[in-house]
Amino acid sequence: MDIGGAYGGGKAGGAFDPIAFVQRPTVILRAVCWLFAIIVFGCVSSEGWREEANGKEYCIINRDGNACNYAVGIGVIAFLASMGFIAGEYLFEQMSSVKTRKHYVLADLGFSGFWSFLFFIGFCYLTNQWCKADDPPNGEGVNNVQASIVFSFFSIFSWAGCAYFAFLRFKAGVDPSFSSTYESDPSAAQQYAAYPASNDNDQFQEAPFSGQQQQQQQQRDYSQPTY
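Residues numbered from 1 in each chain as written. Predicted model: local features only at pLDDT ≥ 70, side-chain atom pairs only at ≥ 80, totals over all residues. Heavy atoms only, no water.

### Things to note about empty space enclosed by the protein
Line of reasoning, step 1. Inspection of every chain in the model, using the stated rule, returns one cavity of 30 Å³ or more.
Line of reasoning, step 2. Elements with a minimum of two residues in the lining of the largest cavity: helix 2 (25–47) and helix 5 (142–173).
Line of reasoning, step 3. No other element matches the four residues that helix 5 contributes to the lining of the largest cavity. (1 Å grid on protein atoms, 1.4 Å probe; cavity = no way out; pocket = protein on both sides within 12 Å on 5 of 7 lines; lining within 4 Å. Points joined across faces, edges and corners; volume = space filled by probe spheres on them. Helix = DSSP H or I, 4+ residues; strand = E, 2+ residues; numbered from the N terminus.)

### Things to note about helix 3 (residues 65–92)
In an α-helix there are 3.6 residues to a turn, and that puts residues three or four apart on one side.
Line of reasoning, step 1. For helix 3, spanning 28 residues, the distance from its first C-alpha to its last is 39 Å, which sits close to the expected 40 Å at 1.5 Å a residue.
Line of reasoning, step 2. Near the N-terminus of helix 3, the side chain that reaches the backbone nitrogen of Asn66, with its oxygen 3.1 Å away, is that of Asp64. (Expected span 1.5 Å × (residues − 1). Polar contact = N/O pair within 3.5 Å; in protein donor to acceptor, adjacent residues only side chain to side chain.)

### Here we look at the state of the cysteines
Line of reasoning, step 1. Applying the stated rule across the entire model yields one disulfide.
Line of reasoning, step 2. Residue Cys162 stays outside any disulfide, its sulfur separated by 3.8 Å from that of Cys33, the closest cysteine. (Disulfide = S-S within 2.5 Å.)

### Here we look at the side chain of Arg24
Line of reasoning, step 1. Within the element layout of this structure, Arg24 appears in the loop between helix 1 (18–22) and helix 2.
Line of reasoning, step 2. Here the side chain of Arg24 touches Glu89 through a polar contact of 3.3 Å, landing on its backbone oxygen.
Line of reasoning, step 3. Excluding anything up to four places from it in sequence, Arg24 contacts Glu89 and Glu93. (Contact = heavy atoms within 4.5 Å.)

### Notes on the packing of aromatic side chains
Line of reasoning, step 1. Taken as a whole and assessed by the stated rule, the structure comprises 17 aromatic pairs.
Line of reasoning, step 2. Centroid distance Tyr70 to Tyr125: 6.2 Å. Interplanar angle 80°. Geometry classified as edge-to-face. Taken together, the residues span a long stretch of sequence, with Tyr70 in helix 3 and Tyr125 in helix 4 (residues 98–132) at a distance of 55 residues.
Line of reasoning, step 3. On the basis of relative accessible area, Tyr70 is assigned to the partly exposed category, the value being 22%.
Line of reasoning, step 4. Classification of Tyr125 by relative accessible area gives partly exposed; the value is 24%.
Line of reasoning, step 5. Members of the aromatic cluster, each reached through a chain of ring pairs, are Phe85, Phe92, Tyr104, Phe111, Phe114, Trp115 and Trp159.
Line of reasoning, step 6. The cationic tip of Arg63 hangs over the ring face of Tyr58; the distance from NZ or CZ to the ring centre is 3.9 Å.
Line of reasoning, step 7. Above the face of the Phe92 ring, Arg101 is positioned so that its terminal group lies 5.1 Å from the ring centre. (Phe/Tyr/Trp six-rings, centres within 6.5 Å; stacked < 30°, edge-to-face > 60°. Buried < 20%, exposed > 50% of the residue type's maximum accessible area, 1.4 Å probe, protein only. Lys NZ or Arg CZ within 6 Å of the ring centre and 35° of its normal.)

### Regarding the nonpolar core
Line of reasoning, step 1. Core analysis: the largest hydrophobic core is formed by 35 residues, its most contacted members being Ile61, Trp115, Phe119, Trp130 and Trp159.
Line of reasoning, step 2. Only helix 2, strand 2 (57–59), helix 3, helix 4 and helix 5 provide two or more residues apiece to this core.
Line of reasoning, step 3. Not counting chain neighbours up to four residues away, the residues in contact with Trp159 comprise Arg30, Cys33, Ala78, Ala81, Ser82, Phe111, Ser112, Trp115, Ser116 and Phe119. (Core = buried A, V, L, I, M, F, W, Y, C linked by side-chain atoms within 4.5 Å.)

In structure tokens:
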């Protein structure tokens, strides 16, 4: 990943290149997260529930409704967040404020890392419940549940990758060379540069002709007659 500019982004107001935008690693990884999220919640929503004879629905993952709801919940939020961060990638280049970019990068880092952890919990939870579940009638929904579990596992690494790229951006933002370039005030620097630094030793230099004046005073004292 090419880290440059303010928190890994170019200067604000530059021309937008759609081809270069879709080729960014962060955008590609966000699209992968978006696709995985659709699979995770879509498979469980479509085939994860069955209806009993009394009309009551149950989750085929060991009849644990929390397991199905968890998979759907983290998948839907991941789906919406992925689209939001893709839009944020587009707007990131337009952010002229360094603090705004910093807040976006920190939000990206925190959310991506947290959602990677939630997918890890979801993978372990769904796998454990699926191993205890009875086989559904006629095997309906088996492939969907298995696909949801597999792509929950893949989502751990895709969201962790997003967190890693966000960390690289944050690291570039706090670099000393970055701070001197983007966070310093050039007008203040020029103002102070107009006044040359003074040497402390200059304060103790003798005034001009002070030595000669002392010698003349001593000569006048000796020339006066004494009584």
